[in-house]
Amino acid sequence: MENVNPCQVAIFIAALSRHGYVPTMQKKPFAELGLSPDILKAIEKMGFEEASPIQSAAIPVLLTGADVVGQSQTGSGKTAAFAIPAIEKIDASLRAPQVLILCPTRELAVQVAEEVAKLATFKRGVRELPIYGGASYDRQIRGLKDGAQIIIGTPGRVIDHLDRGTLRLDSLKMIILDEADRMLDMGFRDDIESVLEQAPLGRQTVLFSATMPRGIQDLIRKHTRNPENVRIESQTLTMPAIDQVYYEVDRRSKLEALSRIIDVQNVKCAIIFCATKMMCDQLTEHLIARGYVADKLHGDVTQAMRERVMKRFRDRKVEFLVATDVAARGLDVEDIEVVFNYDLPHDGEDYVHRIGRTGRAGRSGRAITFVAGREIRKLENMIHLTKGRIRREKVPSVEEVEEKRTNQTFELLRETLESGEFIKRDSLIDRLLDQGYSATDIASALLHLLGSDATRSPVVEPEPIREPAPRRDSERPARFERGERSERGEDPRRGRPARDISDVSDEAGMTRLVFTAGRLSEVRPADIVGTVLGLSGIPREAIGAIHIEPKHTLVDIADEHVSAVTKALAGIRFKGRKLAVFVPDAK
Ligand code: ADP
Ligand code: MG
């Protein structure tokens, strides 16, 4: 680089960036982006060490007031990229909407509002307000009246408020479309155009999108002025940290392969992607039948249910979320251990979106992909796009799974013996010894009785998988300690006292019912789920946490389905006894 004038280099780079080229992985310290001390303090508190490439590139441009079209992958930190300049722009003394952020879904609106709130912690007098469908108008109207300046909303509800006159855009300085491609996919085009048309002409327009299809380009042409393109090529905060592995499995063996991998690798939190809604339904049922705590998320799952499912997943009450691409896009869930591509995604873009769900914000993550036959070629093309590497692994054998279980049992026994935290049963054991049994035989018999209860993993059946999904329940009681334990949120193996379980569900919209059968009648979550679904016909998502106590079981049911369940189950025989089901205080 001798004889090159640094000024010329700067001009050259600026010219390139005007054409959408940004040198990859150019990260800057936040302190160099021209931000106020209040924002820097909030960023510090949030633990962000440096600005991600999209933030480094977009924030300075947004602060100049220019329109921006931003494109970067999921997980690259787009929210802060637009939220930080938005907050900087607010005039706290003016109590009227100044920034409007449109998001495709209610979950995203809530997530973005949370991030805005964190970033604005030290900015006095700045208020944010999420507005979305399905929630009460009153609260939103009150928030608007109170003078919220940053409104984060879904297009439909924003239009409603505009029509009612409860939301006014006279003072709007900035409008941001987050995940614009997805909003178009969801049919919000007219709503978005209508909002844009009602916003003052002088405002700044910002559009973020993972992809730039025709519809988006039309929007940009019609509604922005000389936008700066900020595009970060396949570089995210996270991509390098994702360990990508694939398995060659025949279609019919996928479920078996999945269970073995989960068991051997002791996976506790994963999203499993399927190609269709039907596959999601089937796989969820299969997983539940095998003793895993799984739930699903796809286009046919109602908004209210989706939120419940997401909350349960975030709270770790659900271990495995089975989802389609559309349903899972843009969701920000922390600490997903593994993303499974149970079915191959359609294209590289979807592949990137999917695996971007793991290893967020620089934490390491794993992506596991199943390929059958010639799909391997398709996968190779997708990997190419991520600039990543993928390696092949072999599905664990039944022996490996067994060995894992044996090791777990061994460890468990060793820990228990070492800790001394168990009740001595000397007299019982003496009686057995007196009868002439050896100590090793007694211990073996006990282990046999414990069976799969001794370890976390369900027993793996080596036989091939049969389709379609069986209605799970009665035939497989032996393997459900998995569900029970995670739902209880602790490990009963360790002999710790159980935490007090309340009569009232801790999830909004759920009612806790009492079933008069419990552990002593060998009730397992699978029995409860199977019986409730089988007899009442309510959807799987309507069943929440299940707490099995010695003589009764507490089952959370979505409010709207409570009477269906109590009616359907009234007086049935369950585990050989007559069952009563009731709401505790209504008894
Ligand atoms: P995107 O909208 O591009 O998919 P998000 O804005 O949801 O990405 O950010 C993904 C995750 O990264 C979030 O958990 C966010 O808090 C975190 N994050 C954002 N910026 C940074 C940063 N500069 N350093 C560390 N983590 C960050
Ligand atoms: Mg986002």
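Residues numbered from 1 in each chain as written. Chains lettered and ligands numbered in written order. Predicted model: local features only at pLDDT ≥ 70, side-chain atom pairs only at ≥ 80, totals over all residues. Heavy atoms only, no water.

### Details of the overall build of the protein chain
Our working rule: The way it works is that DSSP assigns letters per residue, a run of H or I at least four long becomes a helix, a run of E at least two long becomes a strand, and they are numbered from the N terminus. A 1.4 Å probe rolled over the protein chains alone gives each residue an accessible area, and that area as a share of the maximum for its type sets the label: buried under 20%, exposed over 50%, partly exposed in between. Contact definition: two residues touch when any of their heavy atoms are within 4.5 Å. Each accessible area is a Shrake-Rupley estimate made with a 1.4 Å probe; only the visible protein chains count as cover when residues are assessed.
Along its length, the protein chain carries 22 helices and 20 strands. Residues counted as buried form 52% of the 587 residues belonging to the protein chain. Pairs at least 24 apart in sequence give 77% of the contacts found in the protein chain among residues at least 6 apart. Summed over its atoms, the accessible surface of the protein chain is roughly 27700 Å², and 51% of this surface lies on carbon and sulfur atoms.

### Details of the pairing of strand β15 (residues 510-515)
With six of six residues buried, β15 is to be regarded as a mostly interior element. Taking every second residue as pointing to the same face, both faces of β15 are buried, with Met510, Arg512 and Val514 on one and Thr511, Leu513 and Phe515 on the other.

### Considering the sheet that holds strand β1 (residues 68-71)
Heads up, the rule is: Here, a strand pair is defined by DSSP locating no fewer than two bridges between the strands. Axes here refer to lines fitted to C-alpha atoms; in helices the fit is confined to the stretch in contact. Angles between the N-to-C directions go from 0 to 180 degrees.
The strand order across the open sheet built from seven strands is β3-β4-β2-β5-β6-β1-β7, with neighbouring strands paired in parallel fashion. Of all the strands in the sheet, the pair left with one neighbour each is β3 (128-131) and β7 (228-231). Averaged over all neighbouring strand pairs, the angle between strand axes comes to 15 degrees, with direction disregarded. Both strand β2 (residues 99-102) and strand β4 (residues 150-153) contribute to a ladder of four bridges, which runs parallel. Opposite Val99, over in β4, you have Ile150 as the bridge partner. Against the sheet, helix α4 (residues 78-89) engages β2, β4, β5 (174-177) and β6 (204-209), with an angle of about 170 degrees to β5.

### Here we look at the pattern of salt bridges
As a reminder of what qualifies: Just to be clear on terms, a salt bridge is a Lys or Arg side-chain nitrogen sitting within 4 Å of an Asp or Glu carboxyl oxygen.
By the definition in use, this model includes 25 salt bridges. Among the salt bridges present, the one from Lys222 reaches Glu193, with a minimum N-O distance of 3.1 Å. Of this pair, Lys222 sits in helix α10 (residues 214-223) while Glu193 sits in helix α9 (residues 189-198), and the two are 29 residues apart along the sequence. You can call Glu193 buried: its relative accessible area is 9%. The residue Asp325 makes a salt bridge to Arg354 at a minimum N-O spacing of 2.7 Å. With Asp325 in helix α14 (residues 325-328) and Arg354 in helix α15 (residues 348-355), the pair connects residues that are 29 residues apart, well separated along the chain.

### Points about the nonpolar core
Just so we agree on the cut-off: Within this scheme, the nonpolar core is defined by two criteria: the residues are buried Ala, Val, Leu, Ile, Met, Phe, Trp, Tyr or Cys, and they are joined through side-chain atoms within 4.5 Å.
Among the nonpolar cores identified, the biggest contains 42 residues, and Ile84, Ile101 and Ile150 are the most heavily contacted of them. Elements with a contribution of two residues or more to this core: α2 (37-46), α3 (53-64), α4, β2, α5 (106-119), β4, β5 and β6. The dominant element in this core, judged by the number of residues it contributes, is α4, at seven residues. The contact partners of Ile101, leaving out residues within four places of it in the chain, are Phe82, Val112, Val116, Ile150, Ile151, Ile152, Gly153 and Ile176. Ile159, Leu162, Val195 and Leu207 belong to the second-largest nonpolar core, a separate cluster that totals 28 residues.

### Focus on the pairing of β4
Under the convention used in this document: Handedness rule for crossovers: strands pointing away from the viewer, path from the first strand over the helix to the second running clockwise, crossover right-handed.
Across the two faces of β4 the burial is the same, with Ile150 and Ile152 and Ile151 and Gly153 all buried. Crossover β3 to β4 through helix α6 (residues 137-145) is right-handed.

### Some words on the environment of Ile232
Its place among the elements puts Ile232 in the loop between β7 and β8 (242-248). Remark: the alpha-carbon pair of Ile232 and Ser76, spanning 156 residues in sequence, is separated by 9.0 Å.

### Observations regarding the side chain of Arg106
Structurally, the position occupied by Arg106 is in helix α5. Relative accessible area serves as the criterion here: at 15%, Arg106 is assigned to the buried category. Sequence-distant contacts of Arg106, that is, excluding residues within four places in its chain, are made with Tyr132, Gly133, Gly134, Ala135, Thr154, Gln303 and Glu307.

### Some words on the sheet that holds strand β12 (residues 338-341)
Spatial strand order, β10-β11-β9-β12-β13-β8-β14: seven strands in an open sheet with parallel pairing. Single-partner strands in this sheet number two, and they are β10 (294-297) and β14 (390-392). Adjacent strand axes in the sheet meet at a mean angle of 25 degrees, parallel and antiparallel pairs treated alike. Pairing of β8 with strand β13 (residues 365-371) involves seven bridges; the strand directions are parallel. Bridge pairing in β13 places Asp243 opposite Arg366. Sitting on the sheet, helix α11 (residues 254-264) touches β8, β9 (270-273), β11 (320-323), β12 and β13, and the angle it makes with β13 is about 155 degrees. Relative to β10, helix α12 (residues 277-289) is tilted by about 170 degrees, and along the sheet it contacts β9, β10 and β11.

### A closer look at the packing of aromatic side chains
The following threshold applies: Here a Phe, Tyr or Trp ring, Trp counted by its six-membered ring, pairs with any other such ring whose centre lies within 6.5 Å, and the pair is stacked when the planes are under 30 degrees apart, edge-to-face when over 60, and tilted otherwise.
In total, this model carries five aromatic pairs according to the counting rule given. Ring centres of Tyr292 and Phe320 lie 5.7 Å apart, and the angle between their planes is 85 degrees; on these two criteria the pair is classed as edge-to-face. One end of the pair, Tyr292, is in the loop between α12 and β10; the other, Phe320, is in strand β11, and 28 residues separate them in sequence. Take Tyr292 and Phe320: they sit in the same class, and that class is buried. Centroid distance Tyr342 to Phe370: 5.9 Å. Interplanar angle 55 degrees. Geometry classified as tilted. Of the two residues, Tyr342 is situated in the loop between β12 and α15 and Phe370 in strand β13; the sequence distance between them amounts to 28 residues. The class for Tyr342 is buried, based on a relative accessible area of 5%.

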